[in-house]
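# Close look at the chain arrangement
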Amino acid sequence: MRSTEQFAGTDRSLQRAWIKGAGFTDEELTQPLVMIANTYQDFSPENAHLRTIVDAVKAGVRMAGGTPIEFNTFHVTDSEAFAARSMRYVLPSRDVVADSIELMAEGHGVDALVLLPGGDKPTPGMVMAAARLNLPSILLYAGPTPYGLYRGKKLFLETVYDGVGEVVRGEIDTDTLKHWEDELFPGPGAGDTLTSGNTAGIYCEALGMSLPHTGTLPAGSNNQIRAAKYTGMRIVDLLRNNVRPRDILTAEAFENALRVAMAVSGSTNMVLHFIAMAKEAGIELDFDTIDRIGRQTPTLAKLAPSGPWGVTELHAAGGVPAVLAELGDLIHETTTTVSGKTTGEIAAAAENLNPELLASRDNPVAPEGSIFILRGSLAPDGAVVKASGVAPSMWRFEGAATVFEDEESAIEAILGGQVSPGTAIVIRNEGPRGGPGMREMLGATSAVVGMGLSESVTLITDGRFSGATHGPAIGYVGPEAADGGPIALVRDGDRIVIDLAERRLDLDVPQQELDARRASWVRREPSVTSGYLAFYAQHVAPACKGAVMPR
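Since the structure is predicted, the reported quantities are computational estimates derived from the model, not experimental observations. (Residues numbered from 1 in each chain as written. Predicted model: local features only at pLDDT ≥ 70, side-chain atom pairs only at ≥ 80, totals over all residues. Heavy atoms only, no water.)

## Quick look at the packing of aromatic side chains
Each aromatic ring pair is specified by the distance between its two centres and by the angle formed by the two planes. What the rule picks out here adds up to 6 aromatic pairs. Centroid distance F254 to F274: 6.2 Å. Interplanar angle 70 degrees. Geometry classified as edge-to-face. Pair noted here: F254 is in helix α12 (residues 251-263) and F274 is in helix α13 (residues 269-280), with a separation of 20 residues, a long-range link. Given the relative accessible area of 0%, F254 is considered buried. In this structure F274 comes out as buried when scored by relative accessible area, which is 0%. (Phe/Tyr/Trp six-rings, centres within 6.5 Å; stacked < 30°, edge-to-face > 60°. Helix = DSSP H or I, 4+ residues; strand = E, 2+ residues; numbered from the N terminus. Buried < 20%, exposed > 50% of the residue type's maximum accessible area, 1.4 Å probe, protein only.)

See below:
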């Protein structure tokens, strides 16, 4: 064991004395040392219950003959940062979470890892770390929250945010919005919307990095506490059997996970994270891979915000195993999972308990997956849209551009009634380098929906979107404005043409005019000149390459 090198032998006396100073015994130091990377913090609902969960994991590790040690990494919380400068720090945190786990695991010579993420960026960040280190690892996602209720109305994340525009329009009053705000969370967790975080819980289970049914377990439930104990027990088995992340994170496993996430209308943020996770695992995965898988995979469920169902309702319907079962021979059945069972064995034991929520492959909600990769003269390197959240009337759109240099000015114009039907809202300089940090534009898309414009206005950006985004929202436009992509050349009044069925996003401006604009284009001065964001802007890869930092 690696930990033996750290603590065994006469020459390691001081090292033993040091850890004994924290209360550890000689007996504990002869057992496998299992590091638990926690994301507990008391101000984020996704993470607020993780002290209870980590205690259960520790109990499981001890029952199986291991010694648990815990450290805390962090979650820069998306939903507390929307439409603010602080959102710039959210995506960059993903790679720092991965780095923090590498530093702690290698710096302390541990034998295995249990990963306890809550939130969109820590979850793929932890998978990135597991793939990079290739130590026996298992992940338990912090979980969704059952939807809130107010006067019989289901409350999801997007219900509250869209409500801002509804107040402006006079559809609801501020007292109603306050009730929604207060009742959204019945308890801890990531809400019941298929947010980017809840999408990550689903795809980590489908990848094989989590025990069956745990990716959708309601946060803090007695079932999750028991699952935490089994997770702690299982990591010791994985160590003894020398099962490592790269045995699990194969190209076929990534395809399985993409199919499952697309089949249930997962968040567009999966695109960034799959590319980043695969890179750490040594797997080639790009926009073309995602496009191919999406075209082959039917949509079987429209979870909120694309439809009326919550993630906890998917769990009650059979969870990820039921989705695997309904996808049938589209799934690679021989892939390994942390449970010791193959993906095929897990699917074979599953049952779809709610066919109204989870459709069959023979009668899908839509013939293709939820995520479309678009290309065209406005996005030579590609763009991403969650087609499952777009009204059929908006799949083909032609409109005049109104250009904004940041999200805040776009929100002000939308809520101020300055955006009319037929407009193509363009928000630029929000990419990985230009933002920097590639903010989520949920504030802008919620303003569009709340103002009743979701079937007459489209939004296009080199930034990205939340899992709670719905409506005609196209992000990841590349090259981004900061790199001189075509989005940097768009002017008010330019005609923009969108055809989702053909996967096209085009700027209908003569090439001669674009050449003249490019000749006079000047790159904007960086909005941040010091600190981590300045470093990030100088080194981050483009969105089409996962917005990863060089490692």
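There's plenty left to go through after this.
## Some thoughts on the packing of helix α7 (residues 157-169) against helix α8 (residues 174-183)
Two elements in contact, α7 and α8, have axes separated by 10 Å at closest approach and are oriented at 175 degrees. Put simply, α7 runs roughly antiparallel to α8. Side by side, α7 and α8 meet where T159, V160, G163, V164, E166 and V167 of the first sit next to T174, L177, W180 and E181 of the second. (Axes fitted to C-alpha atoms, helices over the stretch in contact; angles between N-to-C directions. Parallel < 35°, antiparallel > 145°, perpendicular 65-115°, else oblique. Contact = heavy atoms within 4.5 Å.)

## Some words on helix α16 (residues 319-327)
Judged by how many residues are buried, α16 sits mostly within the fold: 7 of 9 residues are covered. Along α16, the positions that sit buried rather than exposed are G319, V320, P321, A322, V323, L324 and L327. Each element contacted by the buried residues of α16 is listed here: α9 (196-207), α12, α15 (311-317) and α17 (343-348). Note on α16: the residue one or two positions beyond its end, G328, has a positive phi of about 60 degrees.

## Points about the side chain of T299
By secondary structure assignment, the location of T299 is in the loop between α14 (287-296) and α15. Relative accessible area serves as the criterion here: at 1%, T299 is assigned to the buried category.

## So, the domain arrangement of the chain
Taken domain by domain, the chain consists of domain 1 (31-145 + 187-349), domain 2 (158-183) and domain 3 (371-545). The C-alpha centroid of domain 3 is placed 26 Å from the C-alpha centroid of domain 2. Contacts between domain 2 and domain 3 engage 8 residues on the former and 10 residues on the latter. Between domain 2 and domain 3 the total buried area reaches about 760 Å² when both faces are included, carbon and sulfur atoms providing 65% of it. Sorting the residues of domain 2 by area buried against domain 3 places Y161, D162 and R169 first, and these three jointly supply 58% of that buried surface. The interface formed by domain 2 and domain 3 includes 0 salt bridges. At the surface where domain 2 touches domain 3, the tally comes to 3 residue pairs in polar contact (both at pLDDT 80 or more). Broken down by class, the residue content of the side of domain 2 that touches domain 3 amounts to 3 nonpolar, 1 polar and 4 charged. (Domains from an automatic or database assignment. Buried area = accessible area lost by both parts, 1.4 Å probe. Salt bridge = Lys/Arg side-chain N within 4 Å of Asp/Glu carboxyl O. Polar contact = N/O pair within 3.5 Å; in protein donor to acceptor, adjacent residues only side chain to side chain. Nonpolar A, V, L, I, M, F, W, Y, C, P; charged D, E, K, R; others polar.)

## Comments concerning the pattern of salt bridges
Applying the stated criterion across every chain yields a total of 33 salt bridges. The closest approach of N and O atoms between R132 and E102, which form a salt bridge, is 2.7 Å. With R132 in helix α6 (residues 122-133) and E102 in helix α5 (residues 90-107), this residue pair connects regions lying 30 residues apart in the sequence. A salt bridge links E398 to R495; its shortest N-O distance comes to 2.2 Å. Highlighted residues: E398 in strand β9 (residues 396-404) and R495 in strand β13 (residues 495-499), separated in sequence by 97 residues. If you follow the salt bridges from partner to partner, you end up with D78, D120, K121, E440 and R464 in one network.

## Details of α7
Taking 1.5 Å of rise per residue, the 13 residues of α7 would be expected to cover 18 Å, and the 19 Å separating its terminal C-alpha atoms lies within 8% of that figure. Taken as a whole, α7 carries its principal kink of about 30 degrees at G163. Those residues of α7 not exposed but buried are L157, E158, T159, V160, D162, G163, G165 and E166. In this structure, the buried residues of α7 make contact with β6 (153-155), α8, α18 (407-415) and α19 (442-450). (Expected span 1.5 Å × (residues − 1). Bend = angle between axes of the 7 residues up to and from the residue.)

## Let's talk about the UniProt feature "domain: Dihydroxy-acid/6-phosphogluconate dehydratase N-terminal" (unreviewed entry) in the chain
Those residues carrying the UniProt feature "domain: Dihydroxy-acid/6-phosphogluconate dehydratase N-terminal" (unreviewed entry) are residues 31-345 in this numbering. Secondary structure across residues 31-345 divides into 50% helix and 8% strand, with the first and last C-alpha atoms of the span separated by 32 Å. (UniProt positions renumbered as here; feature names shortened; annotations may be inferred.)

## Describing the UniProt feature "domain: Dihydroxy-acid/6-phosphogluconate dehydratase C-terminal" (unreviewed entry) in the chain
As annotated by UniProt and renumbered to match this structure, "domain: Dihydroxy-acid/6-phosphogluconate dehydratase C-terminal" (unreviewed entry) occupies residues 358-547. The straight-line gap between the two end C-alpha atoms of residues 358-547 is 33 Å; of that span, 19% is helix and 25% is strand.

## Observations regarding the packing of α6 against α9
A pair of packed helices is captured by two measures, namely the crossing angle of their axes and the spacing between those axes. Remark: α6 packs on α9, axes separated minimally by 9 Å, with the N-to-C direction vectors making an angle of 30 degrees. Here α6 lies roughly parallel to α9, going by the angle between them. Of the residues in α9, those touching α6 at T123, P124 and V127 are A200, Y203 and C204. Class assignment for the residues of the contact of α6 with α9 results in 5 nonpolar, 1 polar and no charged.

## Considerations on the pairing of strand β3 (residues 112-116)
Of all 5 residues in β3, 5 are buried; the element is thus mostly enclosed. Side chains A112, V114 and L116 project from β3 onto one buried face, and the interleaved L113 and L115 project onto a second face that is buried too. Pairing of β3 with strand β4 (residues 137-139) involves 3 bridges; the strand directions are parallel. Across the sheet, residue L115 finds its bridge partner in β4, namely L139. You can see the chain leave β3, run along α6 and come back into β4, and the turn it takes is right-handed. (Pairing = 2+ DSSP bridges. Right-handed = clockwise from strand over helix to strand, strands pointing away.)

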